[in-house]
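# Fold and geometry: a report
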Amino acid sequence: MNVYYNSSFGCLVCPETRMGNTPMRVVIDPVTVLDSGFTAAALGEALLNALERSRTAPPVPRVDLGAGRFWQVTGIKGYAAFSRKFQCVRINARGPILEIVKLIRDTDGGYIEPVGQLPLEIPADAPAAQLGETVLSLFSPGLESLANETLSFETVHGSAVSYRRPSDAFLDCGDGHTDAYQVFTMEDAPRNHISFLIDSGYEELSKAAIQKSWQRQYGPLSEFRFQRRRKPPLMASVRGSTAKAEIISHIYQDGGGMLEVLSLVEHALPPETREAALAEYQAVIRSITVKASQGNCSEGPVVK
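Notes on the structure follow. Everything quoted here is computed from the prediction, not taken from an experiment. (Residues numbered from 1 in each chain as written. Predicted model: local features only at pLDDT ≥ 70, side-chain atom pairs only at ≥ 80, totals over all residues. Heavy atoms only, no water.)

The next point concerns helix α3 (residues 128-136). All of the buried residues along α3 are Ala128, Leu131, Gly132, Thr134 and Val135. The arc that holds the buried residues of α3, viewed along the axis, is 160 degrees, so those residues lie on one side. Along its buried surface, α3 packs onto β1 (2-6), α1 (40-56), β6 (87-94), β7 (97-105) and β9 (120-123). (Buried < 20%, exposed > 50% of the residue type's maximum accessible area, 1.4 Å probe, protein only. Helix = DSSP H or I, 4+ residues; strand = E, 2+ residues; numbered from the N terminus. Arc of directions from axis to C-beta. Contact = heavy atoms within 4.5 Å.)

Attention shifts here to the sheet that holds strand β13 (residues 180-186). Spatially, the 7 strands line up as an open sheet ordered β12-β13-β14-β18-β17-β16-β15, and their pairing is antiparallel. Lying at the two open borders of the sheet, with one neighbouring strand each, are β12 (170-172) and β15 (223-231). Averaged over all adjacent pairs, the angle separating strand axes in this sheet is 15 degrees, with direction ignored. One ladder, built from 3 bridges, connects β12 with β13; its direction is antiparallel. Within β13, the residue paired with Phe170 across the bridge is Met186. Each of β15, β16 (234-241), β17 (245-254) and β18 (257-266) is contacted by helix α4 (residues 207-218), which is oriented at about 135 degrees to β15, the strand it contacts most. (Pairing = 2+ DSSP bridges. Axes fitted to C-alpha atoms, helices over the stretch in contact; angles between N-to-C directions.)

With that out of the way, let us pick up the packing of aromatic side chains. For the structure shown, the criterion picks out 20 aromatic pairs. With centroids separated by 4.3 Å and ring planes inclined at 35 degrees, the aromatic side chains of Tyr163 and Phe196 adopt a geometry described as tilted. Of the two residues, Tyr163 is situated in strand β11 (residues 160-164) and Phe196 in strand β14 (residues 189-198); the sequence distance between them amounts to 33 residues. Neither residue differs from the other here; Tyr163 and Phe196 are each classed as buried. A network of ring pairs unites the aromatic residues Tyr4, Phe9, Phe70, Trp71, Tyr79, Phe82, Phe86 and Tyr111 as a single cluster. (Phe/Tyr/Trp six-rings, centres within 6.5 Å; stacked < 30°, edge-to-face > 60°.)

In this section: the pairing of β7. Pairing of β6 with β7 involves 7 bridges; the strand directions are antiparallel. In the sheet register, Ile91 faces β7, and the bridge partner there is Ile100. Connecting the antiparallel pair β6 and β7 is a turn made up of 2 residues, with Gly95 showing a positive phi of about 60 degrees. Where β7 and β9 come together, 4 bridges link them in antiparallel fashion. Residue Ile100 lies in a different strand from β9, and its bridge partner there is Leu120. Two elements, β7 and strand β8 (residues 111-112), share 2 bridges in a ladder whose sense is antiparallel. Among the inter-strand pairings, Arg105 is bridged to a residue of β8, identified as Tyr111. The turn joining β7 and β8, which pair antiparallel and follow one another in sequence, is formed by 5 residues; a positive phi near 95 degrees is taken by Gly109.

Right, let's talk about the sheet that holds β11 for a bit. Strand order in this open sheet of 3 strands is β10-β11-β19, and the pairing throughout is antiparallel. Each end of this open sheet is capped by a strand with a single partner; those strands are β10 (150-154) and β19 (289-291). Looking at each pair of strands side by side, their axes are set apart by 15 degrees on average, direction ignored. Inspection of the sheet shows β10 paired to β11 by 5 bridges, in the antiparallel sense. Looking at the pairing, Thr150 lines up with Arg164 of β11. Of the strands in this sheet, β11 and β19 are in contact with helix α5 (residues 271-287), which crosses β11 at around 140 degrees.

Take a look at the structure:
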């Protein structure tokens, strides 16, 4: 079972059972909510109750997987947003012993066990207060992630790029298994994304070349605008629209190549969601800095 903690909210204590004839674990509803200010004894009692529920609960059918979204009792809609704000401790019952380990957040928004970290062990029949105090000792008040987190990476041409991380509505997908430095997709609509692309793949940095590439990739364009920029390192901004989506791109000088930061937002999204996604992209663009490595004097791309 898992327990989740946020210093402002309190704790979620989540008993678990197996799904069908599999080893997969799923949360049993309802979860126990402890408001901030709870005592170690109260947490311990909630944990012992949840461990007993986990021990005696029958498996649930496969169709029930994902039916419950326990974290939404906190008012947070998406799991990736929840995991940025709540720390997690895992408790496993191993016969007469309870193994307790603090999990860390993975880039996909889930929680994973740190490599090489040995769990704490206490007797399964330990008093509630002792169990609560042991779990609380692993949480760090105020450790919840801050807004406007700054991320950075180094390009293949040696430039240092920094930017403000998109909001919790966007899931960090790493390189997205594409030719990208970084991809963020909307958690509830993953085809919508903000991507930092390695170079650009355009024959040249011109209206005709980019329009041709976009039509090949996205389909017929009902609107297309290309604007050359003279605010180094920003070289150009591009906007296009298809029957399904709006595409916006900003292209930066990166040594002898280019860095493209591109957003795709589907027309089918609710208007308020579309506006929020576009505003998020613009906020990321305003935050970007690109610093070339010293001694990088490579000839830049041709702009027409």
